[in-house]
Amino acid sequence: MTENLSAGRKTVVGIQFLFVAFGATVLVPLLIGIDPATALFTAGLGTFIFHFVTKGKVPIFLGSSFAFIAPIIEASKQWGLPGALAGLTGVSLVYFVMSALVRWQGKKFLDKVFPPIVIGPVIILIGLSLSGSAVDMAKTDWPLAFLSLLTAILVLTFGKGLFKLVPIIAGVTVGYVAAILLGKVDFSGVVSADWIHVPVSFATITHFEWAPFLYMIPVAIAPVLEHIGDVYVVSEVAGKDFVKEPGLHRTMLGDGLACLASAFLGGPPETTYSEVTGAMSITKVTSPAVIRIAAATALVFSVVGKFSAVLQSIPQSVLGGIMLLLFGTIASVGVQNLMHHGVDMGRTRNVIIMSVMLTMGLGGAVLSSGSFAISGIGLSAIVGVVLNLILPGGKKQEEAKA
C-alpha cells in the first residue's frame, strides 16, 4: 500500500503518526520541568539519527521515554537538573554496550542476564514509583483531574482505529478546555512568548558528575530490552526481519546515539514508540519515509514558541489525572511481561527475586559510598540481576521452557 501513496498522502499520514506520538512525547518534559519544545526537537532529531544508523530501513519513531521520569526527578533533587541531564549520557552507554554484546554474542546472552523475572519488576517499579507524584498533581483540582482521567479511559475503552491510540492527548485536551472555560488557565506566558524560538540549549550540561551518570545506567536496562521487543513487533507489522537486516545491533546503536544527542541538547532519553507501531498496523503504511515526515513535523512544531507556551499552561491537575492512569498502566505492563513469558511465581527463586526488588525499589533503599549513591529503580535492577545469576534453578528453568 505504501508504494502507491502520493507524496501528499505520505505527508498527511506522517503528520498523523506524529499526532499519535505527540501526547506521550510532550508529557514527559512537562512532568520533569523542561521545555516540551525541546522534547519535540530531540525526538525529531533522534528519529533522523536512528534512521541514518539503520540505513533508513526501519520504520520506527523515537520519543520521550517514561522510564526515566522518576529517576530524572530524583536525580534533579540530588544534583540539580543540569546534573541529571549530564547523568543521562550514561543511558547511551548502556545502548552502546548492549549493541556490541548483541553483535558479538547474539540476543541469547541478554536473555540470560536480563530474563523476564528481572525486567518485569523493573517495569512495575517504574510505574508505581510515580504514584505519589500523580496523586499530588491530581489533588490540586480533583474535578479537572477526574475529567481528564475519565476521558482517557473512555477513549481507551470505546475508541476505534487511530482514535484509540491517542488517549493521552484526548484526556489532556478535554481537561484543558474545561480549565479554560472555568477560568483556571493562566495565558500570560502564552502572550509573552515569541512566535519563533530556539528549543534547545547547547550549554545545558554545565558540569559532569560521576554520581548521576552511574545512577542512570541501571535504569536504562529495561528500556533497552523493551527496544528489542519493539523491533520484533515492528518487524512483524512490516513483514520484514529487521533483527537480521539492518540488524538489532544497529537499531540499538541508533537509539543510543539519539539518547546521547538528546542529553546534550537538554531533552529526555529517547525510546521506540509502540503507539506509532500500532498506527502503522491500522493504516497498513509501514514506509520509513513516512516516519521521517513525522520526525520533520516534530522539528517544525518545536520552534513555534507560542505552541510550547500553550503546552506549559496546562494545569497540573489535568496532567495528574492522566498520570493516575498512565503510571498504573506502566506497572501493569510489567505484570503482563511476566505472564507473557510464563514466569512461574510458584518457584521460590522467582518469589525471592521479585520480592526483594519491589521492596527495595518502593522502600527507598540506598547504597552509598562517599559521594556516590544509587537507589530506587537502578539499585533494584542491579540486585535483581545479581540474584538471578547466583540463585540456583535458573538454567533448569530455561531448559524446561526450551
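Please refer to the structure higher up on the page.
These remarks concern the structure in this document.

Cut-offs used in this document
- Residues numbered from 1 in each chain as written.
- Predicted model: local features only at pLDDT ≥ 70, side-chain atom pairs only at ≥ 80, totals over all residues.
- Heavy atoms only, no water.
- Helix = DSSP H or I, 4+ residues; strand = E, 2+ residues; numbered from the N terminus.
- Rg over C-alpha atoms; globule rule 2.2 N^0.38 Å.
- Buried < 20%, exposed > 50% of the residue type's maximum accessible area, 1.4 Å probe, protein only.
- Contact = heavy atoms within 4.5 Å.
- Areas by Shrake-Rupley, 256 points an atom, 1.4 Å probe, with all protein chains shown as cover.
- Lys, Arg positive; Asp, Glu negative; His and termini not counted.
- Charge placed at Lys NZ, Arg CZ, Asp CG, Glu CD.
- Salt bridge = Lys/Arg side-chain N within 4 Å of Asp/Glu carboxyl O.
- Arc of directions from axis to C-beta.
- Phe/Tyr/Trp six-rings, centres within 6.5 Å; stacked < 30°, edge-to-face > 60°.
- Lys NZ or Arg CZ within 6 Å of the ring centre and 35° of its normal.
- Axes fitted to C-alpha atoms, helices over the stretch in contact; angles between N-to-C directions.
- Parallel < 35°, antiparallel > 145°, perpendicular 65-115°, else oblique.
- Left-handed = near helix turned anticlockwise from the far one by under 90°.
- Nonpolar A, V, L, I, M, F, W, Y, C, P; charged D, E, K, R; others polar.
- Patch = residues over 30% accessible without salt bridge, like charges linked within 9 Å, V, L, I, M, F, W, Y side chains within 5 Å.
- Core = buried A, V, L, I, M, F, W, Y, C linked by side-chain atoms within 4.5 Å.

### Some details on the overall build of the chain
Secondary structure summary: the chain contains 20 helices and four strands in total. Here the C-alpha atoms of the chain give a radius of gyration of 21 Å, agreeing with the 21 Å that 2.2 N^0.38 yields for 402 residues. Put simply, the chain has 402 residues, and 55% of those count as buried. Within the chain, contacts between residues at least 6 apart in sequence are counted, and of these 84% link residues at least 24 apart. For the chain, the exposed surface amounts to about 17,100 Å²; the carbon and sulfur share of it is 67%. Side chains of the chain carry 24 positive and 20 negative charges; the gap between the two charge centres is 8 Å.

### Regarding the pattern of salt bridges
Taken as a whole and judged by the stated rule, the model has four salt bridges. Across the pair Lys 139 and Asp 136 runs a salt bridge, and its minimum N-O distance is 3.4 Å. By relative accessible area, which is 44% here, Asp 136 ends up partly exposed. A salt bridge links Asp 141 to Lys 184; the nearest nitrogen and oxygen atoms lie 2.6 Å apart.

### Remarks on helix α14 (residues 274–283)
Residues of α14 that are buried: Val 276, Thr 277, Ala 279, Met 280 and Thr 283. Looking straight down α14, one finds its buried side chains confined to an arc of 160°; they lie on one side. Contacts made by the buried residues of α14 are with α1 (7–32), α12 (221–238) and α15 (288–302). Directly after α14, the chain includes Lys 284, whose backbone phi takes a positive value near 65°.

### Remarks on helix α7 (residues 131–138)
Every buried residue of α7 is accounted for by Ala 134, Met 137 and Ala 138. Here the buried residues of α7 occupy an arc of 95° about the axis, which is enough to place them on one side. Considering only its buried residues, α7 is in contact with α1, α8 (142–158) and α17 (316–340).

### Concerning the packing of aromatic side chains
Per the counting criterion, the structure on display carries six aromatic pairs. Ring centres of Phe 22 and Phe 307 lie 5.6 Å apart, and the angle between their planes is 50°; this geometry places the pair in the tilted category. Of this pair, Phe 22 sits in helix α1 while Phe 307 is found in helix α16 (residues 305–312), placing the two residues 285 residues apart along the sequence. Put simply, the rings of Phe 22, Phe 301 and Phe 307 touch in pairs and so form one group of aromatic residues. Directly above the ring of Trp 195 sits Lys 306, whose terminal nitrogen or CZ lies 5.6 Å from the centroid.

### Structural notes on the packing of helix α6 (residues 116–128) against helix α18 (residues 348–363)
Following both chains from N to C, one finds α6 and α18 inclined at 25°, their axes separated by 10 Å at the closest point. Classified by the angle their axes make, α6 and α18 are roughly parallel. α6 and α18 meet at a crossing whose hand is right-handed. On the side of α6, the interface is formed by Ile 117, Val 118, Pro 121, Val 122, Ile 124, Leu 125 and Leu 128, while α18 contributes Asn 350, Ile 353, Met 354, Met 357, Leu 358, Gly 361 and Leu 362.

### Some points on the packing of helix α4 (residues 89–105) against helix α13 (residues 243–264)
Packing of α4 against α13 brings their axes to within 8 Å, and their N-to-C directions diverge by 170°. Classified by the angle their axes make, α4 and α13 are roughly antiparallel. Of the residues in α13, those touching α4 at Thr 89, Val 91, Ser 92, Tyr 95, Phe 96, Met 98, Ser 99, Val 102 and Arg 103 are Leu 248, His 249, Met 252, Leu 253, Asp 255, Gly 256, Leu 257, Cys 259, Leu 260, Ala 263 and Phe 264. Among the residues forming the contact of α4 with α13, the class breakdown is 13 nonpolar, five polar and two charged.

### Digging into a nonpolar patch on the surface
On the surface, a cluster of nonpolar side chains totalling about 360 Å² of accessible area is made up of Ile 382, Val 386, Leu 389 and Ile 390. For Val 386, the location among the structural elements is in helix α19 (residues 376–390). The exposure class assigned to Val 386 is partly exposed, which follows from its relative accessible area of 43%.

### Regarding the nonpolar core
Phe 17, Phe 61, Phe 66, Phe 68, Phe 114 and Phe 327 are the most contacted members of the largest nonpolar core, which totals 116 residues. A total of 13 residues in this core trace back to one element, the largest contributor, which is α1. Among all residues touching Phe 327, those that are not within four sequence positions of it are Leu 31, Phe 66, Ile 69, Gly 127, Leu 128, Leu 130 and Ala 134.

### Some details on the environment of Tyr 176
Structurally, the position occupied by Tyr 176 is in helix α9 (residues 167–181). As for Tyr 176 and Ser 317, which are separated by 141 residues in sequence, their C-alpha atoms are 9.7 Å apart. Ignoring any residue separated from it by four or fewer positions in sequence, one finds Tyr 176 in contact with Val 185, Phe 187, Val 310, Ser 313, Ile 314, Pro 315 and Val 318.

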